[in-house]
Amino acid sequence: MSKYVTAEEAVKVVKSGDRVYLQAAAAAPTILSNALTERASELRDVEVCHLHVEGEARYANPALADSFHVNSFFIGANVRHTLKAGNGSYTPVFLSELPHLFRKNVLPLDVAFIHVSPPDRHGYCSLGVSVEATVAAIENAKIVIAQVNPQMPRTFGDGILHVSEIDYLVAVDVPIYGHEPEPFTFEEEKIGGYIASLIEDESTLQMGIGSIPNAALSKLINHKNLGLHTEMFSDGVIDLIEKDIINCNYKGTLRGRVLATFLMGSKRLYDFVNDNPFIEMKESSMVNDTARIRKNPKMVAINSAIEVDLTGQACADSIGPQMYSGVGGQMDFIRGASLSPGGKAIIALPSITKKGVSRIVPFLKQGAGVVTTRAHIHYVITENGIADLYGKTLRQRATELVRIAHPNHQEAIEREYYDLFNKM
């Protein structure tokens, strides 16, 4: 009997009180989640949990609070409103540990919605552009429902699963969510140049999506023998791989292959990774494992923050007490890079917000969460330079960080910090 059904038929298996996991990021199974939302009047207290997901999230409508509650492991813009509205929650967890919440039955799963490539002649599908915790979700959910999409790239690694592991298949033909690379601002290009100046030949890189990572990558065209072991990557790596600058020949973990757990970018990126054995997509418990990250010599972790205080504490998940994103994998990689031979742990950010507010601050806002502690960061970079914090005292750190703050704010930041420091 065929497992193929309509989305409307497939989601009928979800019952009131169930917990449903959605595959993350660009692989968000939106057709399934929208079909589930259409059943709102029939359901009560269904928990929809996920990392950041692209596309619309109709189930997150506060008007449907009796039917659906959103549990975010990393908060995206499409569900951020749920925390204030009361129909959503945030669960802090390192990305490296999220699969363990399912395997240890801390968060038992009833249903998993996933998004896969069509089965090959042997019956195997691929999770494509997002593996993260989805393998653990498939293993532990009572029922697995898959969107089967010919536009999903077929990638290698942990995301290969046999059709027998899926209970219901829903045929779709839709583009994978994407982001075109954006031009760099002057500040982003400066930051990218400073980052590149710290990267040595034969380094292994971790970086995310956005203009600052792409600006840094654009400055590496004269480097040699770089590796890539990263939570995610985007279009910026393609040219470097094609020019044999990123060849992964000096990595300590999975030498000769790029290692990631999800990816997001343009159609060019998705075409590049499709059936490309140079790209290995592994579960986040492996990719983000500090013990594996540290095995890469000269590991360079490049992350960002919402604000950094003058002692080197980085808040990356909230604006004051208001949750904005999540813990994610920042600490996994910052720590792994710190322990790597010749490794470097970098936080890079513009010195001010678009409204002109300083992001280098004397003290974190009340209620702000510390994602990366003052003991973990090696370098903080803005468009004004590089602050080297490793092995520095609190006073020395403050001097370094004031120097890379925006000139309009330097005096006020320094005065406020030292006024309080001298009273201690």
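Okay, so let's go over this structure. (Residues numbered from 1 in each chain as written. Predicted model: local features only at pLDDT ≥ 70, side-chain atom pairs only at ≥ 80, totals over all residues. Heavy atoms only, no water.)

1. Thoughts on the overall build of the protein chain
To keep things clear, this is the line we draw: Helix numbers and strand numbers start at the N terminus; a helix is a DSSP run of H or I with at least 4 residues, a strand a run of E with at least 2. Here's how the labels work: a residue is buried when its accessible area is under 20% of the maximum for its type, exposed when over 50%, partly exposed in between, all with a 1.4 Å probe on protein chains only. For this analysis, residues touch if any pair of their heavy atoms sits within 4.5 Å. Counting rule for charge: Lys and Arg are taken as positive, Asp and Glu as negative, and neither His nor the chain ends is counted. Working definition for charges: the position is that of NZ of Lys, CZ of Arg, CG of Asp or CD of Glu.
Across its full length, the protein chain holds 14 helices and 25 strands. Projected onto its principal axes, the C-alpha coordinates of the protein chain cover approximately 70 × 50 × 40 Å. By the burial criterion, 58% of the 424 residues in the protein chain qualify as buried. If you take every contact in the protein chain between residues at least 6 apart in sequence, the share linking residues at least 24 apart comes to 70%. The averaged location of the 48 negative side-chain charges in the protein chain is 5 Å from the averaged location of its 41 positive side-chain charges.

2. Quick word on the pairing of strand β3 (residues 68–72)
To keep it simple, the criterion reads: A pair of strands is labelled paired if DSSP reports no fewer than 2 bridges between them.
In terms of burial, β3 is a largely internal element, four of the five residues being buried. With five bridges joining them, strand β2 (residues 46–50) and β3 adopt parallel strand pairing. The residue of β3 that forms the bridge with E47 is H69. In this sheet, strand β4 (residues 88–90) lies alongside β3 in parallel orientation, the contact comprising three bridges. The residue bridging N71 from the neighbouring strand is S89, located in β4.

3. Regarding the pattern of salt bridges
Oppositely charged side chains may form a pair once their charged atoms are brought near each other. The criterion, for reference: A side-chain nitrogen of Lys or Arg and a carboxyl oxygen of Asp or Glu constitute a salt bridge if their distance falls within 4 Å.
This structure, assessed with the given rule, holds 21 salt bridges. Close ionic contact of K298 with E200 constitutes a salt bridge, the shortest N to O distance being 4.0 Å. Within this pair, whereas K298 is found in the loop between α11 (290–293) and β17 (299–303), its partner E200 is found in the loop between α6 (186–198) and β11 (204–206), the two being separated by 98 residues in sequence. Overall, K298 belongs to the partly exposed group, its relative accessible area being 24%. Salt-bridge contacts for K267 lead to D271; the nearest nitrogen and oxygen are separated by 2.9 Å. A residue pair is termed a helical-turn pair when its members lie 3 or 4 positions apart in one helix, as K267 and D271 do in helix α9 (residues 267–273) at four residues. According to the relative accessible area criterion, D271 is partly exposed, its value standing at 47%. A cluster of three or more residues bridged by salt bridges with shared partners is formed by R103, E139 and E283.

4. Observations regarding the side chain of N214
Topologically, N214 is positioned in helix α7 (residues 211–218). Residue classification places N214 among the buried residues on the basis of a relative accessible area of 13%. If near-sequence neighbours (up to four positions away) are discounted, N214 is found in contact with P181, F184 and G236.

5. Here's the deal with α6
Keep this limit in mind: Multiplying 1.5 Å by the helix residue count minus one yields the expected span of that helix. What the arc describes is the spread of directions from the helix axis to the C-beta atoms.
In a regular helix each residue adds 1.5 Å, so 13 residues correspond to 18 Å; α6 covers 19 Å between its end C-alpha atoms and thus fits that length. Listed in full, the buried residues belonging to α6 are E188, I191, G192, I195, A196 and L198. On an axial view of α6, the arc spanned by its buried residues comes to 150 degrees, and they lie on one face. Counted as exposed and oriented over 90 degrees from the buried face of α6: F186 and S197.

6. Some thoughts on the nonpolar core
The cut-off we apply is this: Among buried residues, those of type Ala, Val, Leu, Ile, Met, Phe, Trp, Tyr and Cys that are joined through side-chain atoms within 4.5 Å constitute a nonpolar core.
Counting 76 residues, the largest nonpolar core has Y21, L98, F102, I114 and F233 as its most contacted members. Ranked by size, the runner-up nonpolar core spans 30 residues in total, among them A7, L36, Y59 and V170.

7. A closer look at unusual backbone geometry
With the exception of glycine, the majority of residues adopt a negative phi angle, and the majority of peptide bonds are in the trans configuration. Unusually for a residue other than glycine, E132 sits at a positive phi of about 30 degrees. Turning to its location among the elements, E132 is positioned in the loop between β6 (124–126) and α5 (134–140). For K298, which is not glycine, the phi dihedral falls at a positive 55 degrees.

8. Let's talk about the packing of aromatic side chains
What counts, and what does not: The aromatic pairing rule takes the rings of Phe, Tyr and Trp, using the six-membered ring of Trp, and pairs them if the centres are within 6.5 Å, calling planes under 30 degrees apart stacked, those over 60 edge-to-face and the rest tilted.
Overall, the coordinates contain four aromatic pairs when judged by the stated rule. When the centroid spacing of 6.3 Å and the interplanar angle of 70 degrees are considered together, the rings of F73 and F102 count as edge-to-face. Of this pair, F73 sits in the loop between β3 and α3 (81–85) while F102 sits in helix α4 (residues 98–103), and the two are 29 residues apart along the sequence. F73 sits in the buried class, given a relative accessible area of 1%. On the basis of relative accessible area, F102 is assigned to the buried category, the value being 1%. Their ring planes at 75 degrees and their centres at 5.2 Å tell us that Y417 and Y418 sit as a pair that is edge-to-face. Given the relative accessible area of 16%, Y418 is considered buried. The rings of Y21, F73 and F102 are connected pair by pair, giving a single aromatic cluster.

9. What to know about the environment of E280
Looking at the secondary structure, you find E280 in strand β16 (residues 279–281). Each C-alpha atom of the pair E280 and A25 lies 17 Å from the other, and the pair is 255 residues apart in sequence. What E280 contacts, discounting residues up to four positions off in sequence, is F156, G157, L254, R257, V258, L259 and A260.

10. Digging into the sheet that holds strand β12 (residues 227–228)
In a beta sheet, neighbouring strands pair by backbone hydrogen bonds and run either parallel or antiparallel. The criterion, for reference: To define axes, lines are fitted to C-alpha atoms, for helices over the stretch in contact only, and angles between the resulting N-to-C directions are given on a 0 to 180 degree scale.
Read across the open sheet, the six strands follow the order β12-β11-β17-β22-β24-β25; overall the sheet is mixed. Looking at the sheet topology across the chains shown, the edges are occupied by β12 and β25 (385–388). Of the pairings in the sheet, the one linking strand β24 (residues 379–382) to β25 comprises four bridges and is antiparallel in character. Looking at the pairing, Y379 lines up with D388 of β25. Across the sheet, helix α13 (residues 394–404) lies against β24 and β25, angled at about 170 degrees from β25, the strand it touches most.

11. Some words on α7
Every α-helical turn comprises 3.6 residues, leaving residues that sit three or four positions apart pointing alike. Counted residue by residue, α7 has seven buried out of eight residues, so it is predominantly covered. Among all positions of α7, only S211, I212, P213, N214, A215, A216 and L217 are buried. In this fold, the buried residues of α7 make contact with α6, β11, α8 (238–242) and β22 (344–348).

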